[in-house]
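# Observations on the model geometry
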Amino acid sequence: MADKNSIRKCEIAQQIQFLPGYPDRWKETLEQNLEKEPNIKTWAYILHDKDTKDDNTPKEHHVHIAIELHESVKFSTVGGYVGVPAQYVTYCKQRFKAGRKWYADIGGLLSYMTHRNAPDRYQYDDAEVIAKPGYDWIAARTKSEERQAKQKSLTKILQGIEDGTVHRYDICDFVSQAVYIDNKQAFDRAFEHREARLKNSDNNRSLDVIFISGKPGSGKTSLAKKYCEDKGVSYCVSASSRDPLQDYEGQDSLILDDLRPDVLPLADLLKLLDNNTVSSASARYHDRWIQAKTIIITTVLSIEEFFDRIGQRDEPLAQLKRRCKILIQLSYDRLDMYAYRASIGDYMLISSGANPITSLYPETERETSEDDLIAICKDFGLEYRPEGIPSDYVIEDLPFA
């Protein structure tokens, strides 16, 4: 652990009238003192002779000295290098993060010398800064400013995660690949913190669950995606039959595409579809906190068939139906929509119409062209001779003839 009474990067601010060599030789004396001490790695200073107080009266002329040492020493020792009391030696207030540790950033002091980071104060010229021969203090300042800009951007992203305006699924819209890789652990922890906070806060929610059933090719998935796109909300389409929640990253809608009855136990499914209470749902490797406002289930089974194929049923079918408020039965050319009515404990037909997906995405089966067939036969070392063509039939201009 670093000694709180020692320092390696620091600033000295002192009125010139109290510096050794004042009034005629304070500059020469200051530079000699800085140069003769072997523990001083770099130094830079500037005379502030144009600063004003709040009442616009001139401030006493003073210097700001930025010093970086090879080895940490006591404040009084640093003061002794220059010839000022220890109370005029201060820490670098600015910090930067590298890995999991924070370090003093002398660049903040270098920026303050010309008041680049204090635009409401007099702006000094870079040429007024005097530095150790060979020390590129401007490059050090630039590197620091770039690092601080990245740090501010990172802080903004972390705040966005906390506020819920940055999500797992869209974080790459806010940060570059390099920033994401460098700070992935910080992002993951921020998301975990937000999810933990949500779990411990008000768990009330208003979730809409839509159950879409229909034969293969009727457009169930396309209908679910179109519904989300028309509403302008983000959505996740489950891509795994083993863990349908593995790709969910906080989207507004979750499409459980072609959901199989044996994927989730009934208790977990009912908890996931609870219309009024937010809760975590079991995922393959860890519980996933589901924040979606809409969950859409697509399946080739009717809701009754789906329920019948769930193993270890300890709840009645009514518990599933009352959560799936909207039921859609889709055929190739027709859409029938039902709404659950608690008064009758079942669904009521509320509307019917043409299947909108059929007209938007008509299924046309593309015939493989003869050129493609000839080419693939060649790839396998075969001659293209379709069945039914006479053995003496000659195909002109074969590419391999």
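Whatever comes next refers back to the structure up there.
Everything in this summary refers to the structure shown in the same document.

Rules and cut-offs
- Residues numbered from 1 in each chain as written.
- Predicted model: local features only at pLDDT ≥ 70, side-chain atom pairs only at ≥ 80, totals over all residues.
- Heavy atoms only, no water.
- 1 Å grid on protein atoms, 1.4 Å probe; cavity = no way out; pocket = protein on both sides within 12 Å on 5 of 7 lines; lining within 4 Å.
- Points joined across faces, edges and corners; volume = space filled by probe spheres on them.
- Helix = DSSP H or I, 4+ residues; strand = E, 2+ residues; numbered from the N terminus.
- Nonpolar A, V, L, I, M, F, W, Y, C, P; charged D, E, K, R; others polar.
- Phe/Tyr/Trp six-rings, centres within 6.5 Å; stacked < 30°, edge-to-face > 60°.
- Lys NZ or Arg CZ within 6 Å of the ring centre and 35° of its normal.
- Salt bridge = Lys/Arg side-chain N within 4 Å of Asp/Glu carboxyl O.
- Core = buried A, V, L, I, M, F, W, Y, C linked by side-chain atoms within 4.5 Å.
- Buried < 20%, exposed > 50% of the residue type's maximum accessible area, 1.4 Å probe, protein only.
- Axes fitted to C-alpha atoms, helices over the stretch in contact; angles between N-to-C directions.
- Parallel < 35°, antiparallel > 145°, perpendicular 65-115°, else oblique.
- Left-handed = near helix turned anticlockwise from the far one by under 90°.
- Contact = heavy atoms within 4.5 Å.
- Polar contact = N/O pair within 3.5 Å; in protein donor to acceptor, adjacent residues only side chain to side chain.
- Pairing = 2+ DSSP bridges.

### Observations regarding empty space enclosed by the protein
One pass over the full model with this rule turns up 2 cavities of 30 Å³ or more. Reported here for the second largest cavity is a volume of approximately 30 Å³. Taken together, L19, P20, W26, T29, L30, N33 and V82 make up the full set of residues lining the second largest cavity. Take the lining of the second largest cavity: its biggest share by element is 4 residues, from helix 1 (residues 26–36). Partitioning the lining of the second largest cavity into residue classes produces 5 nonpolar, 2 polar and no charged.

### Section: the packing of aromatic side chains
Using the criterion set out here, one finds 8 aromatic pairs in the structure. Here the aromatic rings of Y180 and F187 are separated by 6.2 Å at their centres, their planes lie at 25 degrees, and the arrangement is stacked. Taken together through their ring pairs, the aromatic side chains of W26, W43 and Y45 make up a single cluster. The cationic tip of R147 hangs over the ring face of F96; the distance from NZ or CZ to the ring centre is 3.8 Å.

### Remarks on the pattern of salt bridges
By the definition in use, this model includes 17 salt bridges. Among the ionic pairs, K50 bridges to E128, the shortest N-O distance being 3.7 Å. Taken together, the residues span a long stretch of sequence, with K50 in the loop between strand 2 (40–48) and strand 3 (62–74) and E128 in the loop between helix 3 (107–113) and strand 7 (130–131) at a distance of 78 residues. A salt bridge links D230 to K226; the nearest nitrogen and oxygen atoms lie 2.8 Å apart. On the criterion of helical spacing, the pair formed by D230 and K226 is a turn pair, its members being 4 residues apart in helix 6 (residues 220–231). In this structure, a network of salt bridges that share partners links the residues R8, K41 and E68.

### With respect to the nonpolar core
Within the largest apolar cluster, 31 residues are counted, with the highest numbers of intra-cluster contacts made by L273 and L320. Contributions of two or more residues to this core are made by strand 8 (208–214), strand 10 (253–256), helix 7 (266–272), strand 13 (294–299), helix 8 (303–308) and strand 15 (334–341). It is helix 7 that provides the largest number of residues to this core, a total of 4 residues. With 23 residues, the next largest nonpolar core counts I12, W26, L34 and Y81 among its residues.

### Focus: the packing of helix 4 (residues 137–163) against helix 5 (residues 177–199)
The contact between helix 4 and helix 5 brings their axes to 8 Å, and the two run at 25 degrees. Regarding the angle of helix 4 to helix 5, the classification is roughly parallel. Crossing of helix 4 against helix 5: the hand is right-handed. Taking contact as the criterion, the partners of L154, I157, L158, I161, E162 and D163 in helix 4 are, on helix 5, N183, A186, F187, A190, F191, H193, R194 and R197. Of the residues that constitute the contact of helix 4 with helix 5, the class distribution is 8 nonpolar, 2 polar and 4 charged.

### Here we look at the layout of surface pockets
In this structure, the largest pocket occupies an estimated 610 Å³ of space. Forming the walls of the largest pocket are 20 residues, and the residues nearest its centre are K97, Q151, L154, D182 and N183. Taken together, the elements giving at least two residues each to the lining of the largest pocket come down to strand 5 (95–98), helix 4 and helix 5. Looking at which element gives the most residues to the lining of the largest pocket, the answer is helix 4, with 8 residues.

### Quick word on unusual backbone geometry
Looking along the chain, the bond that leaves Y22 and enters P23 is cis, with omega of 10 degrees. The backbone of N56 shows a phi angle near 70 degrees, a positive value even though the residue is not glycine. With respect to the helices and strands, the residue N56 is situated in the loop between strand 2 and strand 3. Backbone geometry at D258 places phi at a positive 50 degrees, although glycine is not the residue there. Secondary-structure assignment places D258 in the loop between strand 10 and helix 7.

### Some thoughts on the side chain of H64
You can see H64 is positioned in strand 3. A distance of 2.7 Å separates the side chain of H64 from the side chain of E11, its partner in a polar contact. When sequence neighbours within four positions are dropped, the list of residues in contact with H64 reads E11, I12, A13, A44, Y45, I46, H48, Y112 and M113.

### Quick look at the sheet that holds strand 8
Strand pairing within a sheet occurs via backbone hydrogen bonds; the two strands may be parallel or antiparallel. One open sheet holds the 7 strands; their spatial order is 9-10-13-8-14-15-16, and the pairing between them is mixed. Each edge of the open sheet carries a strand with a single partner, namely strand 9 (235–237) and strand 16 (346–354). Each strand axis lies, on average, 20 degrees off the axis of its neighbour in the sheet, ignoring direction. Along the sheet, helix 6 contacts strand 8, strand 9, strand 10, strand 13, strand 14 (326–330) and strand 15; its crossing angle with strand 13, the most-contacted strand, is approximately 165 degrees.

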